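Coordinates in review
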Amino acid sequence: MNALIPRPRTRPAPGAVHVPGWLSAEEQRHLVRACREWAGGPVPIRHTRLPRGGVMSVRTVCLGWHWQPYRYTRTADDVNGGRVAEFPGWLGDLGRRALADEYEDPRAGETYAPDTALVNFYDGQARMGMHQDKDERTGDPVVSLSIGDTCVFRFGNTETRGRPYTDVELASGDLFVFGGPSRFAYHGVPKVLPGTGDPATGLASGRLNITLRVTGLT
Ligand SMILES: O=C(O)CCC(=O)C(=O)O
């Protein structure tokens, strides 16, 4: 990714927006430090087991609520039975700022109250298949932050895993928000481009993705 060539904001579908270079270098470093701490527990980062016996190539740790296919719980019964780390207030502030920027309206994020985050780590081989984020009980937007190696993010439609879809390169610092008519669109990560991240973020290799969501659970 050539940092000298500005990448424009795009809207791959109604309700979906990609904002390149949204996080500052310091925010990226701060998030990498925080992710490292979350990865250590109380519920450690793990490859999620799927009900049919498969194992995801991505490693995930959750905040606020623990996600396992296909539900949220307070305790990580598929890992160590522990309660996941609290969802920090500052991460909610970041989510509200993301929505305000997405809509280019300072008030747009005021009522956004994410209560869970899924922190995904991809090594160079990891992938994520096309899926919908639909275990939340609200239609509030998903805010997605990327750090480290660039990936190909496939953003599709709400009906099928197949076409039409748009492939978007998500680089370090990029923001992607999907809400409104795109909230339940299929999406996935078919490819990570190893060696494209900047080790100055604190991540020597691989890719971090953090998605903020509103579960609607109490
Ligand atoms: O890594 C990404 O950009 C997407 C992550 C994702 O789709 C998910 O956590 O559900």
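Structural data are supplied above this passage.
From a predicted model like this one, the values you see are computed outputs, not experimental measurements.

1. With respect to the sheet that holds strand 8 (residues 128-131)
If you walk across this open sheet you meet the four strands as 8-13-10-11, and the pairing is antiparallel. Lying at the two open borders of the sheet, with one neighbouring strand each, are strand 8 and strand 11 (166-170). Geometrically, the sheet is characterised by an average inter-axis angle of 25° between neighbouring strands, direction not taken into account. Taken together, the two bridges between strand 8 and strand 13 (residues 187-192) define a ladder with antiparallel strand orientation. The residue bridging His-131 from the neighbouring strand is His-187, located in strand 13.

2. Brief notes about unusual backbone geometry
Along the chain, Gly-41 connects to Pro-42 via a cis peptide bond; the corresponding omega equals 20°. Positionally, Pro-42 belongs in the loop between helix 1 (25-39) and strand 3 (46-49). Cis geometry marks the peptide bond from Arg-163 to Pro-164, where omega comes out at 0°. Summarising the element assignment, Pro-164 is placed in the loop between strand 10 (151-155) and strand 11.

Rules used in this analysis
- Residues numbered from 1 in each chain as written.
- Predicted model: local features only at pLDDT ≥ 70, side-chain atom pairs only at ≥ 80, totals over all residues.
- Pairing = 2+ DSSP bridges.
- Helix = DSSP H or I, 4+ residues; strand = E, 2+ residues; numbered from the N terminus.
- Axes fitted to C-alpha atoms, helices over the stretch in contact; angles between N-to-C directions.

It is worth stressing that arrangement in space is one thing and function is another; only the former is reported here.
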